Amino acid sequence: MELFELGIEGIKALLDKKEVTPHEVLDAFFARINAVEGKVSAYVTQTREKAYEMAASAEKAGNSGIKTLSGIPFAIKDNLCTKGIKTTCSSKMLENFIAPYESTVTERLSGAGGVFLGKTNLDEFAMGSSTENSAFFTTKNPWDLQRIPGGSSGGSAAAVAAGECAAALGSDTGGSIRQPAALCGVVGLKPTYGRVSRYGLVAFASSLDQIGPITKTVRDAAMVLNAIAGRDPMDSTSAPLPVPDFTKAAGMDVKGLRVGIPREYFIEGMDPEVEKAVKGAVAQLEAMGAIPVEVSLPHTGYAVAAYYILATSEASSNLARYDGVKYGFRAAGKDLLDTYMQTRAQGFGPEVKRRIMLGTYALSAGYYEAYYGRAQQVRTLIKRDFEEAFRVADIIATPTSPTAAFKIGEKSADPLQMYLSDIFTISINLAGLPGISIPCGFTGTGLPIGLQLIGRHFDEEMLIRAAYAYEQSTEWHKRRPALPSDNGADKGEGPKAL
Amino acid sequence: MSVRYETVIGLEVHAQLLTESKIFCGCSTKFGLPPNSQTCPVCTGMPGSLPVLNEKALLFTIKTGLAMNCGIAPFSRFARKNYFYPDLPKGYQISQYELPVCERGHVEINTGEGFLTRRIGITRIHLEEDAGKNIHEGAGPYSFVDLNRAGTPLMEIVSEPDLRSPKEASAYMRKLRAILRYIGVCDGNMEQGSLRCDANISIRPEGSTKLGTKVELKNMNSFKFVEKALEYEIKRQTSAVKNGEAIIQETRLWDTSTGKTHAMRSKEEAHDYRYFPEPDLVPFMPAREWVEEIKAGIPELPDARRVRFIAAHGLSEYDAEMLTSERALADWFEESVKLGAQPKAASNWIMGELMRLLNEDGISIEESPLAPAGLVELLKLMDSGTISGKIAKTVFDGMYRSKKSADQIIKEQGLVQISGADELGAVIDQIIAANPGETGRFRAGEEKLFGFFVGQAMKATRGKGNPAMINELLRKKLAGN
Amino acid sequence: MIESKDVMKIADLSRLTLTGEEVRLYSSQLNGILQYVEKLKELETGGTEPTSHVLDLRNVTREDRATASLPVEDVLRNAPDPKDGFYRVPRILE
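Counting starts from 1 at the beginning of each chain's written sequence and moves along it residue by residue. Lettering for chains starts from A, numbering for ligands starts from 1, and both go in the order in which the items are written. Note on the predicted model: pLDDT of at least 70 is required for a residue's local features to be given, and 80 or more for side-chain atom pairs to be given and counted; whole-chain, interface and lining totals, by contrast, use all residues. As a convention, hydrogens and water are excluded, and side-chain values are obtained from all of the structure's heavy atoms.

### A look at the overall build of chain C
Next, step 1: Every helix listed is a DSSP run of H or I at least four residues long, and every strand listed is a run of E at least two residues long, numbered separately from the N terminus. In terms of regular secondary structure, chain C is built from three helices and three strands.
Next, step 2: The N-to-C order of helical and strand elements in chain C reads α-α-β-α-β-β.
Next, step 3: Taken along the three principal axes of its C-alpha coordinates, chain C extends 55 × 45 × 25 Å.
Next, step 4: The buried label applies to any residue whose accessible area, calculated with a 1.4 Å probe on protein chains only, is under 20% of its type's maximum; exposed applies above 50%, and partly exposed to all values in between. Counting all 94 residues of chain C, 49% fall into the buried class.
Next, step 5: In these tables, accessible area is a Shrake-Rupley quantity obtained with a 1.4 Å probe, and a residue counts as shielded only by the protein chains included in the view. Accessible surface for chain C amounts to roughly 5000 Å². Of this, 48% is attributable to carbon and sulfur atoms.
Next, step 6: In chain C, 13 positive and 17 negative side-chain charges are present, and the distance between their average locations comes to 4 Å. When charges are counted, Lys and Arg contribute as positive and Asp and Glu as negative, whereas His and the chain ends are disregarded. Note on charges: their place is set at NZ of Lys, CZ of Arg, CG of Asp or CD of Glu.

### Description of the overall build of chain B
Next, step 1: Tallying secondary structure elements over chain B gives 15 helices and 15 strands in all.
Next, step 2: Counting over 481 residues, chain B shows a buried share of 54%.
Next, step 3: Any two residues having at least one pair of non-hydrogen atoms within 4.5 Å are treated as being in contact. Long-range contacts, defined here as pairs at least 24 residues apart, represent 69% of the contacts in chain B between residues at least 6 apart.
Next, step 4: Total accessible area computed for chain B in this model is approximately 21500 Å², and 52% of it derives from carbon and sulfur atoms.
Next, step 5: Placing the 61 positive and 63 negative side-chain charges of chain B at their respective mean positions leaves the two points 3 Å apart.

### Overview of the pattern of salt bridges
All names here are of chain B.
Next, step 1: The salt bridge criterion pairs a side-chain nitrogen of Lys or Arg with a carboxyl oxygen of Asp or Glu, the two atoms within 4 Å. Tallying each qualifying case throughout the model produces 69 salt bridges over all chains.
Next, step 2: The residue Glu-103 makes a salt bridge to Arg-104 at a minimum N-O spacing of 3.9 Å.
Next, step 3: Residue Glu-103 is classed as partly exposed on the basis of its relative accessible area of 30%.
Next, step 4: One connected set of salt bridges, linked through shared partners, spans Glu-300, Arg-305, Arg-308, Arg-327, Asp-331 and Glu-334.

### Points about the interface of chain B and chain C
Next, step 1: With 57 residues of chain B at the contact, the number on the chain C side is 31 residues.
Next, step 2: Surface buried jointly by chain B and chain C totals about 3800 Å² across both partners, of which 57% is contributed by carbon and sulfur atoms.
Next, step 3: Among the residues chain B hides against chain C, the three largest losses belong to B:Phe84, B:Phe144 and B:Val282. Together they make up 13% of the total.
Next, step 4: Summed over the shared surface of chain B and chain C, the number is zero salt bridges.
Next, step 5: Secondary structure elements with two or more residues in the side of chain B that touches chain C: strand 2 (53-54), helix 1 (55-67), strand 8 (133-136) and strand 9 (142-146) of chain B.
Next, step 6: Strands pair, by our definition, only if DSSP identifies at least two bridges between them. Bridging between strand 9 of chain B and strand 3 (residues 86-90) of chain C involves four bridges; their strand directions are antiparallel. From the neighbouring strand, B:Tyr142 faces strand 3 of chain C, where its bridge partner is C:Pro90. As a working definition, buried area equals the accessible area (1.4 Å probe) given up by two parts on being put together, with both sides summed.

### Some thoughts on helix 1 (residues 8-16) of chain A
One turn of the α-helix equals 3.6 residues, which is why residues spaced by three or four share an orientation.
Residues and elements named next belong to chain A.
Next, step 1: Inspection of helix 1 places Ile-8, Ile-11, Leu-14 and Leu-15 among the buried residues, and these make up the whole buried set. Taken down its axis, helix 1 places every buried residue within 135° of arc, on the same side.
Next, step 2: Of the surrounding secondary structure, the elements contacted by the buried residues of helix 1 are helix 2 (22-40), strand 2 (73-77), strand 4 (167-172) and helix 7 (218-228).
Next, step 3: Lys-18 lies just past helix 1 and shows a positive phi near 60°. The directions from the helix axis to the C-beta atoms are what the arc is built from.

### Observations concerning the packing of helix 9 (residues 372-383) of chain B against helix 10 (residues 389-402) of chain B
All names here are of chain B.
Next, step 1: A fitted line through C-alpha atoms serves as each axis, taken over the contacting stretch for helices, and the angle formed by two N-to-C directions is quoted from 0 to 180°. Across the interface, helix 9 lies against helix 10 with an axial gap of 10 Å and an inter-helix angle of 160°. When the interaxial angle is binned, helix 9 and helix 10 end up roughly antiparallel. Like other packed secondary-structure pairs, helix 9 and helix 10 cross with a definite hand, here right-handed. Within the contact between the two elements, helix 9 uses Gly-374, Leu-375, Glu-377, Leu-378 and Met-382 and helix 10 uses Gly-389, Ala-392, Val-395, Phe-396 and Met-399. For classification purposes, angles smaller than 35 degrees are called roughly parallel, those larger than 145 roughly antiparallel, those between 65 and 115 roughly perpendicular, and all remaining angles oblique. Two helices cross in a left-handed way if the nearer one is turned anticlockwise from the farther one by less than a right angle. They cross in a right-handed way if the turn is clockwise.

### Details of the confidence of the model for chain C
Residue and element names in this part refer to chain C.
Next, step 1: What pLDDT reports is the predictor's confidence in each residue, on a scale of 0 through 100. Here chain C averages 93 in pLDDT, and 98% of its residues register 70 or above.
Next, step 2: Model confidence for chain C, summarised as mean pLDDT per element, is weakest for helix 2 (residues 20-37) at 93 and strongest for strand 1 (residues 61-62) at 98.
Next, step 3: Interface confidence for the predicted complex, given as ipTM, is 0.96, next to a pTM of 0.92.

### Some words on the environment of B:Leu370
Residues and elements named next belong to chain B.
Next, step 1: Along the chain, Leu-370 falls in the loop between helix 8 (343-361) and helix 9.
Next, step 2: Leu-370 sits in the buried class, given a relative accessible area of 4%.
Next, step 3: When the C-alpha positions of Leu-370 and Ser-405 are compared, they lie 9.4 Å apart, and in sequence the two are 35 residues distant.
Next, step 4: Excluding residues within four positions of it along the chain, Leu-370 makes contact with Trp-332, Phe-396, Met-399 and Tyr-400.

Right, here's the structure in full:
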């Protein structure tokens, strides 16, 4: 097995036994990147020099105590501020923005010894479900280069699937970790809202955003969560709760675990392959002693609508700071007002503009009650749906995405179509619950299908427990995309290596 | 029959809070540092930054609310006020909308008619962040933005439209300022901008209860300008209404150079601030014990102190009002009384000599080189006759300038009062002998020449002569005894 | 529903300048989305409390202590037009 095919645990084992050095680990991953990045286009910026520096420090600092991820190479989604490194959010607006401070999660990750390979591509400002909204280039799904990797953390998910990193960080506002993880056949975990600090995450929708790991295995995700979770005094919304050792939950059995199956997620006309794979996974869990229970989440059908009011409203406000005054892109204008207008018109892509306008409209005088106010009430109803369901279930199982990866360009003409592909992941953000996506099968054409497990607030341990048990009873996570490798050079519209 | 109009005024006062750090980040609030040297990712609105509330800012706001008889909201939260401006780094101001910290309070103001007071309602007090500063250099095509001030905690105090005249408006502002300074939450410096005032003013026919169209006034940075701007606006509106013109609801700026208000030049479209609850900050529910603790920490406020000064120290309304206008001043006075000074005497010396010297030096009473104990010593020396009242002024000055005690100065400069009958008698004999003309005329009946002799005696004793003694001896000797 | 003039007003509020073509395109797309979002009106939300914060956190504050600010060079490094320690912008008309 190649080094780049290993996840965190596999590499850690080799490092601990001193069979490889952190430097050699990096060599292997950069070689892999050289080989396939030209096809995948996961990275906006590679930070090779810095990576080797970090590896050298890791080697010196050793791997005991808090250095649980010493020498492990990570890819970081490019909407996380990394000090001294370009943080672009895949937008022209921040194309040359060099973050003057470090986000809490990357600080904790490097504090645990993690090494950064580079910043990955995303839908511009995390707005999208396919990474086609990146202002720079579209990342390809390593399983089928004609298809999207999902979004908005498409770059991170593709990098993990293609072996271009051991693990990655993504962010999730309406499914942006889970959906690309599902479409790329890897693990993606969105923690409970408040579990992980948002300080340094370029805000899209403040009450919905969360940062989480995208990894090859469930245990890897638990290890990353251990390192990044916990209260941060710089984030008022981070929960003052103790952080358990999430890896301990991996290996616990699922006997007697009640698995809720929400009827609204298994509707007439759903993709038969997705249905089969997910139902198969549930059967598998049942075979291991879990108890499927039918539940109902009656307001599911309103989630996308509520989300697209709330998220766009918050986004319209969060993106008001991009005005060309203090940082980022500035267009020439004949006066101040014109400067604002031109800067934002040229700096933002169409999806971002669409959402800003939608949000502005929903908040504007006369419409607040009908849209924003109402969406907040629906949010309460959705939250209550889950509370009800969790009285009879310990965990809820659903498909992550209604379909496997679609072709590049297939849905980009109709924004609404794109929004509807978030239907299974969105409610979880509205309710603030934790969710994980793990591979549970493939389509006839070899495209990954994801199983989503949803837990109660702050019950990531339950997710890890069930996800790990299922994962270990299958071979899905061992499959790799058959990526033909180039010999070296990046071609065409590739990322810039530092 | 001509209609008489009455004025309806409401004030929105912004007070910068005296915290060490900004409201949502740890940057210093110190004034006057080089541009953009006191900022961080949070107060410059960098991507990914988040606000965290300064506990002191909240405490100060609750304290202010309690001092102004407000109810403290059991549940309160922040909201975003969205608009674009270069000094507003995030493109929104974190402020409060529906659920402010304090509501429904009042202060009493002196209406200027005797010592009657009127109650002015306070609608709400809320907490928000200040914006940065825009600087325009001359007529150049640029403006320059300094974000040092961005994020300074600001308290907004909104009054009910209860004020009925420009004088009441400035009395209200003075009262607010006094209270804010008393409780130590704001230094109330209008010139420096730590206390700012916007006014809403309308007029209506006397007796009407419906409010007229209100005009917002800005850019008044002193009590005097607040009064002048309001006075001008009343004239303008009254004249307009009398001419049958409608009052336009608009924002007008006070222009010191012209003495008028004029409508803002820029297109003032009605702002749609699109308020919504701030998702990056969690609501607060101040614990009852904490609010009680804050309340207990409020010192005696100006009004209560003034009333007590009149009752306990027998001061006049005027003196009490003056002494309680600043907490430090009232403290200084009370300290001197505690140490044994007679209240009226202490009051005179403080309001007279001490204030004169402090004003000359441009310093506040907290910086006074003379402490209350010094005044007490001086007054004792006067009472015992050791020095005369006239000399006392010299001694006081000396004590202030040199920080020496009264005793030291009197000894060093030989200022002890001369009261000895023999010594004074000899001096007076000499004066009478030296001025035969005046002596003759006085003895012939020109009573008013007495003052001349007193003056000569004072001159001869270099002011140290005991006036009573001099009087007595002069009377005797001039009468021929 | 939403007309061109509404889109232009929203674009103005959002400080976005749109071409005529864009106004048409966004009008139609926004209308499509808003039509979808109308379904929220089907629900009886009655006295349901709105959720502004999904967590039950309250009273998160920090101590009033001044800490180091970012050095000016770091602050202005990304500024499009820094001048003498300031951010320079086209003249603001009062």
